[in-house]
Amino acid sequence: MILVTGATGNIGSALLRELHAHGAGPLRGLTRDAARAALPSCVETVEGDLADPRVLKSAMDGVRALFLVSRLAPDADVLAAAGAAGVEHVVLVSSITVRTHPHLGPAAENLAVERLVEDSGMAWTVLRPTQFASNAMMWAAPIRAGEPVHAPYADIGLPTIHPADIAAVARVALTEPGHRGRTYALTGPEPVSARQQVEAIGAALGRELPFAEISRQEARARMAAVFGDDAADAVLDVTGGDVNAELLAVRDTVPRLTGSPARRFAQWAGENVDTFR
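None of these values were measured; they are calculated from a predicted model.

*Asks:* For the nonpolar core, give the residues involved together with the corresponding values.
*Replies:* Nonpolar side chains tend to gather and get buried jointly when the protein is soluble and globular. Core analysis: the largest hydrophobic core is formed by 30 residues, its most contacted members being Leu15, Phe67 and Leu127. At the level of secondary structure, the elements contributing two or more residues to this core comprise strand E1 (2–4), helix H1 (10–21), strand E4 (65–69), strand E5 (89–93), helix H8 (163–175), strand E8 (182–186) and helix H13 (253–258). With seven residues, the single largest contributor to this core is H8. Leu50, Leu56, Leu68 and Ala82 belong to the second-largest nonpolar core, a separate cluster that totals 24 residues.

*Asks:* Report on the packing of helix H4 (residues 75–85) against helix H6 (residues 105–118), specifying residues and quantitative values.
*Replies:* In contact at an axis separation of 10 Å, H4 and H6 are set at 20 degrees when each is read in the N-to-C sense. On the basis of their axis angle, the class for H4 and H6 is roughly parallel. As H4 runs across H6, the sense of the crossing is right-handed. Listed contacts from H6 to Asp75, Ala76 and Leu79 of H4 are Val113, Leu116 and Val117. Along the lines of polarity and charge, the residues of the contact of H4 with H6 split into five nonpolar, no polar and one charged.

*Asks:* Tell me about helix H9 (residues 194–205), and name the residues and values.
*Replies:* Taking 1.5 Å per residue, twelve residues should reach 16 Å; H9 reaches 17 Å between its end C-alpha atoms and fits that length. Every buried residue of H9 is listed here: Ala194, Gln197, Val198, Ala200, Ile201, Gly202 and Leu205. Looking at the buried positions of H9, the neighbouring elements they touch are helix H7 (140–144), strand E7 (149–151), strand E9 (211–213) and helix H14 (265–271). Once H9 ends, the next one or two residues include Gly206, with phi positive near 80 degrees.

*Asks:* Tell me about the packing of H1 against H8, and name the residues and values.
*Replies:* Working note: a packed helix pair is described by the angle between its axes plus the distance between those axes. Two elements in contact, H1 and H8, have axes separated by 8 Å at closest approach and are oriented at 50 degrees. Taken as axis vectors, H1 and H8 run oblique relative to one another. At the point where H1 passes H8, the crossing takes the right-handed sense. Along the contact surface, H1 presents Asn10, Ile11, Ala14, Leu15, Glu18 and Leu19, while H8 presents Pro163, Ala164, Ile166, Ala167, Ala168, Ala170, Arg171, Leu174 and Thr175. A per-class count over the contact of H1 with H8 returns eleven nonpolar, two polar and two charged.

*Asks:* How would you explain the pairing of strand E6 (residues 123–129) if you had to name every residue and give the values?
*Replies:* A large share of E6 lies buried, amounting to six of its seven residues. Alignment of E5 against E6, held across five bridges, turns out to be parallel. Paired with Val93 across the two strands is Leu127, which belongs to E6. Both E6 and E8 contribute to a ladder of five bridges, which runs parallel. When the bridges of E8 are listed, Val126 appears paired with Thr183.

Criteria and cut-off values
The residue numbering used here restarts from 1 in each chain and proceeds along that chain's sequence as written. Thresholds applied to this predicted model are a pLDDT of at least 70 for local features of residues and 80 or more for the giving and counting of side-chain atom pairs; totals over whole chains, interfaces and linings are not thresholded and use all residues. Calculated side-chain values reflect all of the structure's heavy atoms, with hydrogen atoms and water omitted. Think of a nonpolar core as a cluster: buried Ala, Val, Leu, Ile, Met, Phe, Trp, Tyr and Cys residues, connected wherever their side-chain atoms sit within 4.5 Å. Burial classes follow relative accessibility: with a 1.4 Å probe on protein chains only, a residue under 20% of its type's maximum area counts as buried, one over 50% as exposed, and anything between as partly exposed. Helix and strand assignments follow DSSP, with helices taken as H or I runs no shorter than four residues and strands as E runs no shorter than two, numbered in order from the N terminus. A fitted line through C-alpha atoms serves as each axis, taken over the contacting stretch for helices, and the angle formed by two N-to-C directions is quoted from 0 to 180°. What sets the label is the angle itself: under 35 degrees gives roughly parallel, over 145 gives roughly antiparallel, 65 to 115 gives roughly perpendicular, and the rest give oblique. Handedness of a crossing is defined here by the sense of rotation of the near helix relative to the far one, left-handed for an anticlockwise turn of less than a right angle and right-handed for a clockwise turn. The criterion used for residue contact is that any of the two residues' heavy atoms lie within 4.5 Å. Note on residue classes: Ala, Val, Leu, Ile, Met, Phe, Trp, Tyr, Cys and Pro are nonpolar, Asp, Glu, Lys and Arg are charged, and everything else, Gly too, is polar. Here a helix's expected span is defined as the number of its residues, less one, multiplied by 1.5 Å. In this scheme, strands are said to pair when DSSP sees at least two bridges between them.

Right, dumping it as structure tokens:
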């Protein structure tokens, strides 16, 4: 039994499809709302919150491999329950910022969860992806309204990764030998800037989209109003204010482990174009 937490998220939903397509199973997905989850019929669905001890125990029953999205519940409790249930292997989604920006709060939180997993007594694999292509969803409202997309650091390109490629690597780690005790940095196939991302979304829509570069100060004010000061500073440092060679590097991990080329941002834009209509 493989348990996928965050089963309806960008990675979890793709992972369940990957696992099913490759004949892995049995499969179990955890979701807060089973009625809206629309998981594949082959997936056993557990509804509820991992912070609920009863849900946690039910979700872990009979599980031998766990795909863990952190901070859905106290991670120490989740891992303790997994160990008690006999889970043998945990695949954790962390972040590349653990190495590139360890001084930032979110990176420190990810590193703390990595250490919990490594100290759990179970076998583990840690995935450290870079910026998600799906982060571009934050521009959906202005694009639908015909308004300009505003972004700082317009021409700094990070090797943005398609969430399905994270899922593909997770599937390999969960089902194939040789990946226990390994940490993998994951990127897309090429750097793609905010301006280029908006251009790719426009190409998928068949129209040119207005774009306006803004200052860090203006971007921080907008983001802090929604996410708070610390989160705003962290995002801005990673996306342009404090980039470094390690963050900008394109890695071959996805094609090397999956045997397929990493997906370009334009593919993600085409697959999700209806979000921007």
